Amino acid sequence: MSSESTPPLYLANWILTRILKRKRNLVRSKSYREVQANMSFQIPDHLLPRIAIVGRPNVGKSALFNRLVGGNRAIVVDEPGVTRDRLYGRSFWGDREFIVVDTGGVVTFSKSQADCMEQLAITTTVGMDGISLASREAAVARMPSMIERQAVAAVEEAAVIIFLVDGQAPAQFFGQEIFSSTIPLFIQRTAPLEILNKTYGGKFQAGLIAADVEIADWLRKKYSNKCIILAVNKCESPRKGLMQASEFWSLGFSPMPISALSGTGTGELLDVVCSELKNIEALDTSEVEENYVPSIAIVGRPNVGKSSILNALVGEDRTIVSPISGTTRDAIDTEFTGPDGQKYKLIDTAGIRRRAAVASSGSTTEALSVNRAFRAIRRSDVVALVIEAMACITEQDCRIAERIEREGKGCIIVINKWDTIPNKNQQTTTYYEQDVREKLRILDWAPIVYSTATSGHSAEKIITAASMVHKERSRRLGTSILNQVVQEALAFKPPPRTRGGKRGRVYYSTQAAIRPPTFVFFVNDAKLFPETYRRYMKKQLRSDAGFPGTPMRLLWRSRRRADNEGKTAGVNVQAPGSGGKLALPT
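Residues numbered from 1 in each chain as written. Predicted model: local features only at pLDDT ≥ 70, side-chain atom pairs only at ≥ 80, totals over all residues. Heavy atoms only, no water.

By the naming in an unreviewed UniProt entry, the protein is GTPase Der, taken from Phoenix dactylifera. According to the UniProt record, the Sequence similarities (unreviewed entry) comment for the protein is "Belongs to the TRAFAC class TrmE-Era-EngA-EngB-Septin-like GTPase superfamily. EngA (Der) GTPase family." (UniProt positions renumbered as here; feature names shortened; annotations may be inferred.)

Given below as structure tokens:
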């Protein structure tokens, strides 16, 4: 090999260094996800140590959370106050697994109500229709403290605390903070200080701000017994990152420059995190439950009581409950064990408004929240569609119901705020259910539960109904029983004849899949079965074989003819486990 084709030694070393650094800072890889998916068991979430990410608003906590757990679990928007509830996600580093907890920005220390509202971008108009002025002011005033309580709960249960600060903090104008609403954020983060001073006619300084000092003092006084790691975010350049992090030594912790966006320094951060975690003893496969854990998504229009239902089920203030519409942003996953010992994953979602209303609002956060809600429906097993009792069924409820049926998910209809119905009697439930069935015909197979989440009334009935729906959704029907039901349906109402005198024949049927139950009908010609007859067959299957609370899929497969029609006209296809074919004489 000639010397011209050989790369210089310094270039080879540089390439090798870049490769090793990329592998070190890559937190979530596809190969590891495939290994995790192929594992026969996983350590339960409640046994894994927790890592809480805390800090003031808009420092990149959700971006770091997404970097550690992989994917876009948390909503990341360049505006403060997006995250409000606790968001959990499994992560790993090397041979260590742990739970990462994302929290909302902490701003209530020595802050007035107006300052908190400004920093968290809490509006006093959106989602406040129909709420009295006193209730409106009270709800807005409670929001910052409720976000702080969620952050405190995350810190209390955490083994390691990542205190995140902004290495490229908003500029200071004569000692007072200037937010991106005044000066574009990209100018704050990229323009040198002298240019800022010359352009805006003032003396700017970047870096440590008072809110960081207050949070550091709070962590040092209250949680000195825990491991606290100071991470300086938005340090994309390793060389400049050390300079950016140098001024944060005054907080009393050793700062680590990282970048949640590019992954720079996250490997070193996780090395320190894992060094503080205790080893979890290996569990025997017999000790780890291998049962399938069903997911229950709680969906509906804004302000119908979805978060209240979740809190009533788990018995704690897991999510923030407020009369302000749109309080919940992310899809919140929560593990829950039912009265029968069965484990469930409850998913609280944001309220789903009409697409035109979301587009007209111009809110990127709301659009992402609705997208997370639709994704929660897609990854769930059972969907609890929450309806407000006084509002009954609206057009938006029908659209959500269509989405649930289209995704093939089990469903229960929860009529919440049942205590608001005046003058109830024994016939109220009957008339109300008739109205719901008439307006939600697409979900005529879904059971209905009446509850009052704020008082916890009938909350256990929701889990009981969801458990029944999940069992029905996973049930398999024997081929012989299925063909018997189909034969009775054919005898009661034969398929219609065409103008040419042809009639459809069903040779046999079988259940091909579960979740949702899917049945395949092998027939002579699928075109001979009109849509009305297919609906009849589905109705007969549901009435004779059950499957309440879950949609069913019926697939019609035409018989394949190897030769011409004359050679195969006399062939009889036998049904498995039966004595003859299921066909009607023409």
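On we go from here.
Trainee: How do you make sense of the side chain of Asn66 when you look at a structure like this?
Mentor: Relative to the helices and strands, Asn66 resides in helix α3 (residues 61–69). Discounting chain neighbours no more than four positions away, the residues touching Asn66 are Gly71, Asn72, Arg73, Ala74 and Val76. (Helix = DSSP H or I, 4+ residues; strand = E, 2+ residues; numbered from the N terminus. Contact = heavy atoms within 4.5 Å.)

Trainee: Help me understand the sheet that holds strand β16 (residues 506–513), please; the structure alone is not making it clear to me.
Mentor: Adjacent strands of a sheet form backbone hydrogen bonds with each other and so pair up, either parallel or antiparallel. Read across the open sheet, the three strands follow the order β16-β17-β18; overall the sheet is mixed. Edge strands, defined here as strands with exactly one partner in the open sheet, are β16 and β18 (553–558). Strand-to-strand, the axes of this sheet are offset by a mean angle of 25 degrees, without reference to chain direction. As defined by bridge partners, strand β17 (residues 518–523) adjoins β18 across six bridges and the pair is classed as parallel. Bridge assignment links Val523 to a residue of β18, and that residue is Ser558. Running at roughly 135 degrees to β16, helix α17 (residues 479–492) makes contact with β16 and β17 of the sheet. Of the strands in this sheet, β17 and β18 are in contact with helix α18 (residues 531–545), which crosses β18 at around 130 degrees. (Pairing = 2+ DSSP bridges. Axes fitted to C-alpha atoms, helices over the stretch in contact; angles between N-to-C directions.)

Trainee: Which parts of the structure should I look at to understand the pairing of β16?
Mentor: Each regular strand carries side chains that alternate between the two faces of the sheet. Bridge count between β16 and β17: six bridges; the pairing is antiparallel. Counterpart to Thr510 in the pairing with β17 is Val520. From the end of β16 to the start of β17, which pair antiparallel, there are four residues, and Arg515 there has a positive phi angle of about 55 degrees.

Trainee: Hey, could you run me through the nonpolar core in this one?
Mentor: Counting residues in each nonpolar core, the largest one holds 32 residues, and the members touching the most others are Val299, Leu385, Ile413, Ile415, Tyr432, Val436 and Leu443. Where this core is concerned, the elements lending two or more residues are β10 (295–300), α13 (364–378), β13 (382–388), α14 (395–407), β14 (410–416), α15 (428–439) and β15 (448–450). When residues in this core are grouped by element, the largest group, four residues, is from α13. Setting aside residues up to four positions removed in sequence, Ile415 forms contacts with Ile387, Ala389, Tyr432, Val436, Ile448, Val449, Tyr450 and Ser451. Membership of the second largest hydrophobic core comes to 27 residues, among which are Phe65, Cys227, Ile229 and Cys274. (Core = buried A, V, L, I, M, F, W, Y, C linked by side-chain atoms within 4.5 Å. Buried < 20%, exposed > 50% of the residue type's maximum accessible area, 1.4 Å probe, protein only.)

Trainee: Which parts of the structure should I look at to understand the packing of α17 against α18?
Mentor: Two quantities define a packed helix pair, namely the angle between the helix axes and the distance between the axes. Where α17 meets α18, the axes come as close as 10 Å, and the angle between the chain directions of the two elements is 130 degrees. If you check the angle between α17 and α18, you find them oblique. In this structure, the crossing between α17 and α18 has a hand that is right-handed. The segment α17 lies against α18, with Leu482, Val485, Val486, Ala489, Leu490 and Phe492 engaging Tyr533, Tyr536, Met537, Gln540, Leu541 and Asp544. Grouping the constituent residues of the contact of α17 with α18 by class yields ten nonpolar, one polar and one charged. (Parallel < 35°, antiparallel > 145°, perpendicular 65-115°, else oblique. Left-handed = near helix turned anticlockwise from the far one by under 90°. Nonpolar A, V, L, I, M, F, W, Y, C, P; charged D, E, K, R; others polar.)

Trainee: I keep staring at the side chain of Gln511 and nothing clicks. Help me out?
Mentor: By the secondary structure assignment, Gln511 is in strand β16. Among the polar contacts listed, one links the side chain of Gln511 to the backbone oxygen of Ala513, at a separation of 3.2 Å. What Gln511 contacts, discounting residues up to four positions off in sequence, is Arg475, Arg476, Leu477, Leu482, Pro517, Thr518 and Phe519. (Polar contact = N/O pair within 3.5 Å; in protein donor to acceptor, adjacent residues only side chain to side chain.)

Trainee: For this particular structure, what's the right way to read the sheet that holds strand β1 (residues 50–54)?
Mentor: With mixed pairing, the six strands of this open sheet are ordered in space as β2-β3-β1-β4-β8-β9. Where the open sheet ends on each side, the last strands, each with one partner, are β2 (87–93) and β9 (255–257). Here the strands of the sheet are splayed against their neighbours by 30 degrees on average, with no regard to which way each runs.

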